Structures are given as structure tokens and as C-alpha cells.
Amino acid sequence: MKHLFTPGPVPLPHEVASSGARPMIGHRSEEFSALLLRLQNRLRDLLKSSGPVVLLPSSGTGALESMVENLLRPDDVVISVSCGQFGLRFREMASRMDCQIVSVDVPWGEAVAPEAIAEAVRVHPEARAILLTHNETSTGVINPIHSIASVLPKERPLLLVDVVSSLGVTPCLPEVWGVDALAGASQKGLLCPPGVGVVWLSPRAWEALESLGHPKSFYFDLLGYRDSMEHLQSPYTPPISLFYSLDAALALLAEHGYAKWWKERRRFAAAFAAGAEAMGLDLLVRQKRHRSPGVTAIKTPEAKRLKDALYGMGVEVAGGLGALKGQIVRVAHYTDMGWPEMCLILGSIYGAAKSAGLSVNAGFLDVAQRVWEEDAPCGKC
Ligand SMILES: *Cc1c(COP(=O)(O)O)cnc(C)c1O
């Protein structure tokens, strides 16, 4: 039996997979318009926003590129904040647009400090945008977007946030937080197969877009998507099967209750972290409050052997990216995992670590179980 613990794609809930197998419909039909309207409403509910949400036929990278293509222009000054590989990729996109990059770099494994960004904005008040990663999947850090937005002056650059690996698994509330643009994707916290990009813009960002005019990209022209959406249409043939899956996944999250879902994901992450540490393994992210609810990185010089040993027993996890290649193993926990899955992954890691020649301690399940019990849902939430 195979067990998928990669930070995207994630295992699909049954309803999500089976919804994707529904009979095909035409994308100029009333049935499709009804599906698009449902998706709009569900995403607005998740984001607590009344604005339009664009669905792109792309992975997360396409959604990010659409933000950059549409909202930035050559020579724009852009403050690019990075604490890992995905922050660097976002920067590279702006760099290829010939923007002038102001880099704010944070050591990998640490979160971004709001003051560092406030300082960059003070020095570069002319900047058009700030690029930020909410959940840095390459390290397992979650950044405090709300705190960052709240220390910035009222007159400030557009805040563009990569929520590819945070949307669904933790609150993403752009309107409440004062964010200007979000780019997300279907295959991580949204529990779907890969292939749908999600883009949301603030009224201020839509206005900026209107004054900038159409981007060079024809396919990723966000104004075109928004205009079509007003008629409940998609400008080009959309990935209809994936839309059905996304509809089912969003229904599942809403029915479960977002707050409860988010709490349960945090609970799993906390108990897993405690178990791994009790085994004697180091976590890359030292500060508990900066640990991601979706993905945990274990730091070990035997990362490759550990990952391969896990793979050999049917447990697929991810390795390190960029500068962390060969140094970490990343274990994702985006889906509805409970105590049985905790035992499976911790027990598998224990066995794999031993066979990879690492010295690990028993007794880790007791520690994980204590944290699991401490964090038990209270019934009210
Ligand atoms: C996965 C991921 C991406 C890239 O998304 P793709 O869907 O692989 O194109 C970008 N940013 C973050 C934070 C991610 O986790």
C-alpha cells in the first residue's frame, strides 16, 4: 500500500476524486455557469471576501506569474522577501520582468520579521509591490502575514502574497489582513488534484490593473478573466473535471467548519513535531509558533537515505529544495489525518531512520500522544 505525505499533491478525499469523474459538460452551458458561481461563492466564503476570485488553468506557479505579469512592469521597484526556495522563485519572476529588486532575505528555517519589511518600505517608499510567501513550503515556516500587513503604512506598495501552500490549511483572509493579491493552487491545502490556480485581488489592485492596461500575456490576462466571470463564463476552455473536484473539496471544508479544520491541522503538526523530536530528530524550524500546519521539515545529514528508506516501504515524503537539498526530509499533513496516520508516519520514520543508520529513541509515541491529547478539540471550536 502507498502512503502519500508530499507537500503537494496530497491524497484526495474520496468525494473530491469521485466528483472529478462526473460526466463532461460544455463550458458554455448553464450547468457550467452554475458550477462557476458555486465556486465563486465558496472561495469568497473561505477568503471572507466579496471580491471576484479568478480560477486559472494552471498550477501555483502560473497563478503567481499571472500576479507578476498583470501587476508589475519593467523598472518597477519591488521589495522581494524570501525565507526559502519559493520566495526566491517569486523574486525570479519579478526579475525576469526587469523589475528593480530590493531583496529582504531571512535565514532558511526562520520566519520573516514584520519590522524588516517595514524598514524596507521606509527606505523604498517608491516601491510598487512587496512579494511575500505565506507558507514557505521548502522550510516549513509560516509567516505572520496579518502582523506584517498591520505594521505597514497606509500609503504602501501592493502586498502580493504566495498562498499556494497555505490556502485551505490555515486562515487566508486578504481583506481582513489588508493584502492586495493572493495566488493559490488546488493541490495542497485545497485537497484537489493539481491544475487549478486561484487568484484574488483587492479593489486597490484591480484599480491598479485597470490603469496599467492589459499585460503582455494573453492567456493570463486577469482583467479578461474577471470580465468573463461577470457573465459566469470562463474565457477559454477550463479544466471542468478539476472544477468539480474543487467544488467538492470546498464543500467538504465548509461543512467540516474552517476553524475546526484549521485547529485539527495544527494539532497534527504539533503532535508530529513533538514525536519526531522525542525520537531524537531535529526540526529545521526551531520556533514553534513559526511552524507550518501543513508541512514539517526534519533536518538530518542522512536525509536522502531516510527518504529512500521511507519510499522503499511505500511512504512517499519530499526531500529538500535548493540550498537544503540532501539536508532535510519534508512530511506533509494537509489532509484529514488523525491518530492512526500519526502512528503510521512516526512509526515508519522510526523504522526508516534505523535502517538508514540513524540512532533514534523509542518512546516517541507517548510524547506525541500527550501533545495530541492536550490539543484535543474543545467542542466549542
Ligand atoms: C508548491 C508551491 C509553489 C509552486 O506551485 P506549483 O503548483 O508546483 O506550480 C509555489 N509556492 C509555494 C509556496 C508552494 O508551496
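Everything here concerns the structure above.
Not measured: the values here are computed from a predicted model.

Q: Please give an account of the overall build of the protein chain that cites residues and values.
A: The number of helices and strands found in the protein chain is 14 helices and 15 strands. Relative to its length of 381 residues, the protein chain is compact, with a C-alpha radius of gyration of 21 Å against a globular reference of 21 Å. Every one of the 381 residues in the protein chain was classed for burial, and the buried ones make up 58%. Partitioning the contacts of the protein chain with sequence separation of at least 6, the portion at a separation of at least 24 is 73%. Seen as two clouds, the 37 positive and the 39 negative side-chain charges of the protein chain have centres 5 Å apart.

Q: Help me get a handle on the site of the ligand, residues and values and all.
A: Near the ligand lie 13 residues; those nearest to it are S59, T61, T137, D162 and K188. The contact in question runs from an oxygen atom of the ligand to an N or O atom on the side chain of S59, over 2.5 Å. One nitrogen or oxygen atom from the main chain of G60 is found 2.7 Å from an oxygen atom belonging to the ligand. Against a free-state accessible area of 380 Å², the protein chains account for coverage of 88% of the ligand. The greatest single-element share of the shell around the ligand, amounting to three residues, is contributed by helix α3 (residues 60-71). When the residues that make up the shell around the ligand are grouped by side-chain class, the tally is three nonpolar, eight polar and two charged.

Q: For the packing of helix α11 (residues 258-279) against helix α14 (residues 364-374), give the residues involved together with the corresponding values.
A: With their axes 8 Å apart at the nearest point, α11 and α14 run at an angle of 155° to one another. Put simply, α11 runs roughly antiparallel to α14. The handedness of the crossing between α11 and α14 comes out as right-handed. Of α14, the residues touching α11 (which contributes R267, F268, A270, A271, A274, G275, A278 and M279) are F364, V367, A368, V371 and W372. Here the residues of the contact of α11 with α14 sort into 11 nonpolar, one polar and one charged.

Q: Describe the sheet that holds strand β14 (residues 318-319), and please don't skip the residues or the numbers.
A: The antiparallel open sheet is built from four strands, whose spatial order is β11-β12-β15-β14. Among the strands making up the open sheet, the edge pair consists of β11 (282-283) and β14. Sheet analysis places β11 next to strand β12 (residues 295-299), joined by two bridges and oriented antiparallel. The partner of L283 across the bridge, within β12, is I298. On top of the sheet, helix α12 (residues 303-312) reaches β14 and β15 (328-332); it is set at about 40° to β15, its chief contact.

Q: Outline the environment of A362, supporting the account with residue identities and numerical values.
A: Along the chain, the position of A362 falls in the loop between α13 (339-355) and α14. On the basis of relative accessibility, which here comes to 57%, the residue A362 falls in the exposed class. In this structure, the C-alpha to C-alpha distance between A362 and E277, residues 85 residues apart in sequence, is 11 Å.

Q: An account of the pairing of strand β9 (residues 181-185) is requested, with residue identities and associated values reported.
A: Among the five residues that make up β9, five are buried, leaving the element largely enclosed by the rest of the structure. Sheet topology places β9 next to strand β10 (residues 197-201); five bridges connect them, and they run antiparallel. Within β10, the position partnered with A183 by the bridge is V199.

Q: An account of α13 is requested, with residue identities and associated values reported.
A: Residues three or four positions apart in an α-helix share a direction because the helix packs 3.6 residues into each turn. For α13, with 17 residues, the first-to-last C-alpha span of 24 Å sits near the 24 Å given by 1.5 Å per residue. Residues of α13 that are buried in the fold lie against α11, β12, α12, β13 (315-316), β15 and α14.

Q: Give me the lowdown on the pattern of salt bridges, citing residues and values where you can.
A: Using the criterion set out here, one finds 16 salt bridges in the structure. A salt bridge links R291 to E277, with the shortest nitrogen-to-oxygen separation between them at 3.2 Å. Here R291, found in the loop between β11 and β12, pairs with E277, found in helix α11; they are 14 residues apart in sequence, far enough to count as distant. The class for R291 is buried, based on a relative accessible area of 18%. Sharing partners across several salt bridges, the network here consists of K260, E264, R265 and D336.

Scoring rules and cut-offs
- Residues numbered from 1 in each chain as written.
- Predicted model: local features only at pLDDT ≥ 70, side-chain atom pairs only at ≥ 80, totals over all residues.
- Heavy atoms only, no water.
- Helix = DSSP H or I, 4+ residues; strand = E, 2+ residues; numbered from the N terminus.
- Rg over C-alpha atoms; globule rule 2.2 N^0.38 Å.
- Buried < 20%, exposed > 50% of the residue type's maximum accessible area, 1.4 Å probe, protein only.
- Contact = heavy atoms within 4.5 Å.
- Lys, Arg positive; Asp, Glu negative; His and termini not counted.
- Charge placed at Lys NZ, Arg CZ, Asp CG, Glu CD.
- Near = heavy atom within 4 Å.
- Polar contact = N/O pair within 3.5 Å; in protein donor to acceptor, adjacent residues only side chain to side chain.
- Areas by Shrake-Rupley, 256 points an atom, 1.4 Å probe, with all protein chains shown as cover.
- Nonpolar A, V, L, I, M, F, W, Y, C, P; charged D, E, K, R; others polar.
- Axes fitted to C-alpha atoms, helices over the stretch in contact; angles between N-to-C directions.
- Parallel < 35°, antiparallel > 145°, perpendicular 65-115°, else oblique.
- Left-handed = near helix turned anticlockwise from the far one by under 90°.
- Pairing = 2+ DSSP bridges.
- Expected span 1.5 Å × (residues − 1).
- Salt bridge = Lys/Arg side-chain N within 4 Å of Asp/Glu carboxyl O.

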